[in-house]
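Observations on chain architecture
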Amino acid sequence: MTRPVTGRTGSRPRPRRDSRCDVRRGDEFAGEQIGAAYEGTDALLLGRRTYDIFAAYWPHQEGGEDDGIAALFNRVPKYVASRGRPDLSWAGSTRLGPDLAGAVREIRDRHEHVKVVGSLNLVQSLLREKLFDRLDLWVHPIVLGVGKKVFDGGGVPTSLTLLQPPAAGPKGTVYLRYGLADGIPATGDMSAPDRGTGKGR
């Protein structure tokens with residue numbers, strides 16, 4: 001069973017909430033990889049801000065250029081992690097209760113392929129609880145200098161394994177797919193007096 005979590009898709013067809021994003025990076029490579037990443041998705045798990053943006057956009061996109069993604073997003077159940085009271089008028093939307101970890105475990109038992117898109121606060125919570133099987137990352141050849149970090153402070157050390165060779169597009173975008181691995185990563189102390197002496201090997 002694959003229940004992927006996506007830190008950032010970088011997908012061309014998703015509505016942008018940050019006007020600084022470089023929309024010129026979209027190309028055929030990105031479209032193919034995005035389509036493959038969403039294949040088999042049977043539920044969406046979204047944070048409040050991402051949900052509000054999606055709910056205002058995707059219900060009106062069927063029949064247009066992005067009909068495939070729109071039809072998928074409109075068809076599958078949407079689970080919203082929010083402390084407030086979001087407008088759940090988008091068909092198939094459900095607000096999760098205060099026990100986020102417990103609710104996500106139930107969703108993982110109920111669905112085969114749950115996709116998290118954007119929603120970095122939610123992603124960080126799932127990373128801390130290790131409530132993911134797959135982490136899809138897009139690396140774009142641009143430096144904004146500002147923005148929210150995927151791996152923010154307070155993250156739990158976690159071992160990952162590369163599930164497939166990295167895929168690179170002609171414009172320099174790289175798609176990386178990782179899975180959760182066993183064990184905790186070991187770290188060293190660069191200030192230790194015997195660093196580099198080979199002791200302890």
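Cut-off values and rules
- Residues numbered from 1 in each chain as written.
- Predicted model: local features only at pLDDT ≥ 70, side-chain atom pairs only at ≥ 80, totals over all residues.
- Heavy atoms only, no water.
- 1 Å grid on protein atoms, 1.4 Å probe; cavity = no way out; pocket = protein on both sides within 12 Å on 5 of 7 lines; lining within 4 Å.
- Points joined across faces, edges and corners; volume = space filled by probe spheres on them.
- Helix = DSSP H or I, 4+ residues; strand = E, 2+ residues; numbered from the N terminus.
- Buried < 20%, exposed > 50% of the residue type's maximum accessible area, 1.4 Å probe, protein only.
- Pairing = 2+ DSSP bridges.
- Arc of directions from axis to C-beta.
- Contact = heavy atoms within 4.5 Å.
- Core = buried A, V, L, I, M, F, W, Y, C linked by side-chain atoms within 4.5 Å.
- Axes fitted to C-alpha atoms, helices over the stretch in contact; angles between N-to-C directions.

The computed volume of the second largest pocket comes to approximately 180 Å³. Lining the second largest pocket we find 14 residues, and of these Leu 127, Phe 151, Gly 155, Val 156 and Thr 158 sit closest to its centre. At 3 residues, the largest contribution of residues to the lining of the second largest pocket is made by helix H5 (residues 120-129).

Once that is clear, we can look at the pairing of strand S2 (residues 43-47). The side chains of a regular strand alternate between the sheet's two faces. Most of S2 sits inside the fold, with 5 of its 5 residues counted as buried. Going residue by residue along S2, you find Ala 43, Leu 45 and Gly 47 tucked away on one face and Leu 44 and Leu 46 tucked away on the opposite face as well. With 3 bridges connecting them, S2 and strand S5 (residues 114-116) associate as parallel partners. Looking at S5, one finds that Leu 44 is bridged to Lys 115. Note that S2 and strand S3 (residues 78-81) share 4 bridges and pair parallel. When the sheet's bridge partners are listed, Leu 44 is paired in S3 with Lys 78.

Buried within helix H2 (residues 48-57) are the following residues: Thr 50, Tyr 51 and Phe 54. The arc enclosing the buried residues of H2, seen along the axis, measures out at 100°, which places them on a common side. Pointing more than 90 degrees away from the buried face of H2 are the exposed residues Arg 49 and Ala 56. On its buried face, H2 sits against S2, helix H3 (67-75), S3 and strand S4 (93-95).

Note on soluble globular proteins: their nonpolar side chains tend to be buried together. Among the nonpolar cores identified, the biggest contains 21 residues, and Tyr 38, Leu 46, Phe 54, Trp 58, Phe 73 and Trp 90 are the most heavily contacted of them. Of all the secondary structure elements, the ones that give two or more residues to this core are helix H1 (28-38), S2, H2 and H3. Per-element tally for this core: the top contributor is H1, with 5 residues. Core analysis: the second largest hydrophobic core is formed by 20 residues, Leu 45, Ala 81, Val 104 and Val 123 among them.

Let's shift gears to the pairing of S3. Side chains of S3 alternate between two faces, with Lys 78 and Val 80 and Tyr 79 and Ala 81 buried alike. Here S3 pairs with S4 via 3 bridges, running parallel. Looking at S4, one finds that Val 80 is bridged to Arg 95.

Quick look at the sheet that holds S2 now. Taken in spatial order, the 4 strands make up an open sheet running S4-S3-S2-S5, and their pairing is parallel. The open sheet has two edge strands, S4 and S5, and neither has a second partner. On average, adjacent strands in this sheet sit at an angle of 25° to one another, irrespective of strand direction. H2 rests against S2, S3 and S4 of the sheet, and its axis sits at about 120° to S2.

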